[in-house]
Amino acid sequence: ATSTIIDGYLHNTMYHGLGTLELNLRAGGYDRPMLISHNSGGMAQLNSTDALQTVHSGPVAGIAASEHLSVEGDLGNIVASDMGGTSFDIGIVTADGERYYDFHPVIDRWLVSVPMVHLVTLGAGGGSIATYDQLHDSIKVGPESAGSDPGPACYNRGGLSPTVTDADMLLGYLDPVNYAAGRIELNPSRAEMAIEDNLEDHFDLDPIGIAKLIKQSVDHNMANGIATELRSRGFDPREFTLLAYGGNGPLHCCS
């Protein structure tokens, strides 16, 4: 029942958007079938696609690409890690080609009956907000996110909360002038102000020191998430290669 209700709510918006895309492709001279990625790992044309099959289909497509790269590069076991603006998705690709599925996944807070390639999602993305954890006297990152609007404080769009992207920029990992090929000019003073206003009272550190704590915290959360997922399935993390992608994956994978 929940699957049917959610599918009903999503269907009209999804079908209209993807139907318009298909018409635009036709108008642009593309005459082949438009295939939609499914969260089961497969693909189908629009008239054979339910709305629920598209939920998390982007990260699942990343796992399919990781499988391809694993075979092409003879990489063996892979942890596919997709770090975007709001979340960090972990998927497992084994050398023997075995896939892991959730047969009753939870979407938001609703249990549905659509088989989906297994993913673990953490609230660790570029837009994840850093706050003071009073209980542990430390930095807490996520799960709240600044999203893309207003986005991180350094985007200069009105964001007031310090995020992982703000920390990355203050630490020199992002070029404020050439970010997004120069389409978005970052504002370092906004990032510094957000950290000072929200976190400086709790730590005897300057904004750069606090930015280091933010990066260490989010990197630790992701590393711990990967190790927990692998060990819970009986794998040794040392036997896996980390394949990092998404907007922020390559930025954080080394640490």
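Scroll up for the structure.
Conventions we followed
Residues numbered from 1 in each chain as written. Predicted model: local features only at pLDDT ≥ 70, side-chain atom pairs only at ≥ 80, totals over all residues. Heavy atoms only, no water. Helix = DSSP H or I, 4+ residues; strand = E, 2+ residues; numbered from the N terminus. Buried < 20%, exposed > 50% of the residue type's maximum accessible area, 1.4 Å probe, protein only. Contact = heavy atoms within 4.5 Å. Pairing = 2+ DSSP bridges. Axes fitted to C-alpha atoms, helices over the stretch in contact; angles between N-to-C directions.

Draft legend 1. A look at the environment of Ile 90. Within the element layout of this structure, Ile 90 appears in strand E4 (residues 88-93). The class of Ile 90 is buried, set by a relative accessible area of 2%. In the structure, Ile 90 is positioned eleven residues away from Val 79 in sequence and 6.8 Å away in space, judged by C-alpha atoms. Here Ile 90 is in contact with Val 79, Ala 80, His 118, Leu 119, Val 120, Leu 122, Gly 225, Ile 226 and Glu 229, once residues within four sequence places are set aside.

Draft legend 2. Structural context of the sheet that holds strand E12 (residues 241-245). Pairing is mixed across the open sheet formed by four strands, whose spatial order is E9-E4-E3-E12. The sheet is open, and its two edges are formed by strand E9 (120-122) and E12, each paired on a single side. Adjacent strand axes in the sheet meet at a mean angle of 20 degrees when their direction is disregarded. In the sheet, E4 pairs with E9 via three bridges, with the strands oriented antiparallel. In the strand pairing of E9, Ile 90 is matched with Val 120.

Draft legend 3. Highlighting the environment of Leu 119. As for its placement among the helices and strands, Leu 119 is situated in the loop between strand E8 (116-117) and E9. Looking at Leu 119, the relative accessible area reads 14%, which means it is buried. As for Leu 119 and Tyr 101, which are separated by 18 residues in sequence, their C-alpha atoms are 8.4 Å apart. When sequence neighbours within four positions are dropped, the list of residues in contact with Leu 119 reads His 56, Pro 59, Val 60, Ile 63, Asp 89, Ile 90, Gly 91 and Asp 102.

It is worth stressing that arrangement in space is one thing and function is another; only the former is reported here.
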